[in-house]
Amino acid sequence: MPQDERDQVDRRTLLKAVGGATATVSIAGCGGSQTTPTEGGDGTETAMDTTEGDEGTETSNEGDESAFEVGVTLGQMDSGLDPHDHAETPTNIIVSQAYEGLMGRDKEGGIIAKLATEWERVESGTVRFTLRDGVTFHNGDPVTSEDVRYSIRRIETEEVGGALPQDGDLAGSKALESVEAGDGEVTVTFGGLNPIVFALFATNGQIMQQSWVENNENSYINRNTNGTGPFQVTDYQSGTSVSYEKYDDYWGEPAAADEATITASSESATRVNQLVAGETDIVTNVPPQEISRVEGSEGTSVSPVPSTRIIFLQMRYDVEPFSSQQFRQAMNYAVDVESIIENVLQGFGEVTGQPTLSQFTGHNPDIEPYGHDPERAEQLVEESGHAGVDITLQTPIGRYLKDVEVAQTAANQIDSLSNVNCELQQREFNSLVQDVTASSIEDRPRFTLLGWGNAEFDAAQTIIPLLTSDGPLTVLKSDEVDSLIQEAQSEPDPEARRQTLRECNQLLHDLAPWVFLHQQFSVYGTSDDIEWQPRPDELIDLWTASPN
């Protein structure tokens, strides 16, 4: 088949493939340990691990003398191996092979037991975790309640961990008041109701050994690991590769893979070349024009899944012309999101009109996306008083699926308005993210394509950091948004809280701090030599991979 024909992607085939993958993930989540559902997880007051005695997945290398190795190629490497000192998905993928929290999530996003076997809300602002017996760190030392206490305080207390980027990932909008280490249990008290505390602990809070952290410099902790997970690091080359071996004394079902390696390439074509050449087993963000090559190559396949990541163009409220709500709404009408999904992403996306995805608590099903209306956009630009303005859209290179092409198309559509000139600036992701995470909003980019993954499946975990006045990455100041979020985070009734979050999403749709683009689909290329199913939270759980 000619190359140009192979590059034409049949959208019907792709959508069928997406549906098939989603169904496969759902089926995969039915086995194994019992889980508590994420929707309404804010109402989960007690839970119990039932994994002990579970047959689970039989280790596929049993009786096989040859080692089973798995290779992964990401788009970006980590920023260091400290599991608390980062806020990016690539680093989380890499450290999560070695570190675990008290709770975790299965492939469907349901809450499961990890280092805690039971959890309960004992008072409005107090929760208690019962710790699993017999768990050891990779250095052989047992996990203690003091280690758990230290890890929680390291994340949430500046005098213990310094100003770590995960501050608030466990406490939410409430301050951490105390952590008490008891006999096989830990009791955590916040400065008020933390309505989604178990959803937060299921996604965050990896446990580190107190003495190991205190006896080593940060530079050592960022190049070595000492977790409790199914893999331990054997070699770390900063910015290049991480190698693992199976941890033989793991408390749970052992990984089928004896060894694993994670590398990265920002060039999608390079990742695909490595996959089809048999040099790696899993690659991320296969672009649509490469899908036919992956599917057409012997021994490789495409595995897509709708992710928990939303893609948007954020606009700073404090600088012209984005200080005008009319101008921000105009940008939403100027961009043809459906066309971008159809022609740039070849169907791998869903249109959004609010910051909260449809799978999350607080999504408002009554909100319609803005829709493409250039005449309305030009009218709003005139009414904003910024006709003739020049703006520049910044975009990362290779961080999200076809990010540059999506940004270029959006910039061209804005530039096609008669009264706005828009240019595109491409930037390396690591450089851009430093500006996006600057402590002062005045140092952050004015108009930027970004993506945000929300593994807690709750609206507040997107709105609080990105869109409240004191959010660490915010581009908006709105007393009404702040008030609604404060009300939601103090509401003990899950349904009342859900309604408040829906109201907040309607307000944010109208304020238009973002050009709402799409829900990203994670498109993986996989080797047929392995059995592995992707998950919506973008975590690559290598311990579930087995030989095919």
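Residues numbered from 1 in each chain as written. Predicted model: local features only at pLDDT ≥ 70, side-chain atom pairs only at ≥ 80, totals over all residues. Heavy atoms only, no water.

Considering the pattern of salt bridges
As enumerated under the stated definition, the model contains 13 salt bridges in all. Measuring nitrogen to oxygen at the nearest pair gives 3.6 Å for the salt bridge that ties Asp 258 to Lys 246. Placement of Asp 258 in the loop between strand E10 (241-246) and strand E11 (259-264) and of Lys 246 in strand E10 is noted, with a sequence separation of 12 residues between them. Lys 246 sits in the buried class, given a relative accessible area of 16%. Between Asp 435 and Arg 427 there is a salt bridge whose closest N-O contact spans 2.7 Å. You can call Asp 435 partly exposed: its relative accessible area is 27%. One network of salt bridges, in which partners are shared, links Lys 107, Arg 535, Asp 537 and Asp 541. (Salt bridge = Lys/Arg side-chain N within 4 Å of Asp/Glu carboxyl O. Helix = DSSP H or I, 4+ residues; strand = E, 2+ residues; numbered from the N terminus. Buried < 20%, exposed > 50% of the residue type's maximum accessible area, 1.4 Å probe, protein only.)

Brief notes about the side chain of Asp 403
Note on placement: Asp 403 falls in helix H14 (residues 403-415). For the buried residue Asp 403, which engages in no salt bridge, the nearest side chain bearing the opposite charge is Arg 399, 7.3 Å off. Looking at Asp 403, its side chain comes within polar contact range of the main-chain nitrogen of Arg 399, at 2.6 Å. Look past the residues within four positions of Asp 403 in its chain and what remains in contact with it is Thr 395, Pro 396, Ile 397, Gly 398 and Leu 449. (Lys, Arg positive; Asp, Glu negative; His and termini not counted. Polar contact = N/O pair within 3.5 Å; in protein donor to acceptor, adjacent residues only side chain to side chain. Contact = heavy atoms within 4.5 Å.)

Observations concerning helix H10 (residues 288-296)
Every buried residue of H10 is accounted for by Pro 288, Glu 290, Ile 291 and Val 294. Looking straight down H10, one finds that the buried residues subtend no more than 130 degrees of arc, so they occupy a single side. (Arc of directions from axis to C-beta.)

Looking at a negative patch on the surface
On the surface, Glu 69, Glu 245, Asp 248, Asp 249 and Glu 259 cluster together into a patch of negative charge. Accessibility expressed as a relative area gives 36% for Glu 245, which makes it partly exposed. (Patch = residues over 30% accessible without salt bridge, like charges linked within 9 Å, V, L, I, M, F, W, Y side chains within 5 Å. Areas by Shrake-Rupley, 256 points an atom, 1.4 Å probe, with all protein chains shown as cover. Charge placed at Lys NZ, Arg CZ, Asp CG, Glu CD.)

Considerations on the confidence of the model for the protein chain
Confidence in the prediction for the protein chain averages 88 pLDDT; 88% of positions are at 70 or higher. In this model residues 1-63 is a low-confidence stretch, pLDDT under 50, and it forms 95 contacts with partners more than four residues away in sequence or in other chains. (pLDDT = per-residue confidence, 0-100.)

Focus: the packing of helix H11 (residues 325-334) against helix H13 (residues 374-384)
At their nearest, the axes of H11 and H13 sit 8 Å apart, and the two run at 165 degrees to each other. Classed by the angle they form, the pair H11 and H13 counts as roughly antiparallel. When you trace H11 past H13, the crossing you get is left-handed. Between H11 and H13, the residues in contact are Gln 326, Phe 327, Gln 329, Ala 330, Met 331, Tyr 333 and Ala 334 and Pro 374, Arg 376, Ala 377, Leu 380, Val 381, Glu 383 and Ser 384, respectively. Each residue belonging to the contact of H11 with H13 can be placed in one class, and the counts come to nine nonpolar, three polar and two charged. (Axes fitted to C-alpha atoms, helices over the stretch in contact; angles between N-to-C directions. Parallel < 35°, antiparallel > 145°, perpendicular 65-115°, else oblique. Left-handed = near helix turned anticlockwise from the far one by under 90°. Nonpolar A, V, L, I, M, F, W, Y, C, P; charged D, E, K, R; others polar.)

Thoughts on unusual backbone geometry
The step from Glu 320 to Pro 321 runs through a cis peptide bond, and the omega angle for that step is 0 degrees. Of note, Pro 321 is situated in the loop between strand E13 (300-315) and H11. Unusually for a residue other than glycine, Ala 512 sits at a positive phi of about 55 degrees. Examined against the element boundaries, Ala 512 turns out to sit in the loop between helix H18 (494-511) and strand E18 (514-527). Phi angles above zero are rare outside glycine, and Glu 538 is one such case at about 75 degrees. Summarising the element assignment, Glu 538 is placed in the loop between strand E19 (530-531) and strand E20 (546-547).

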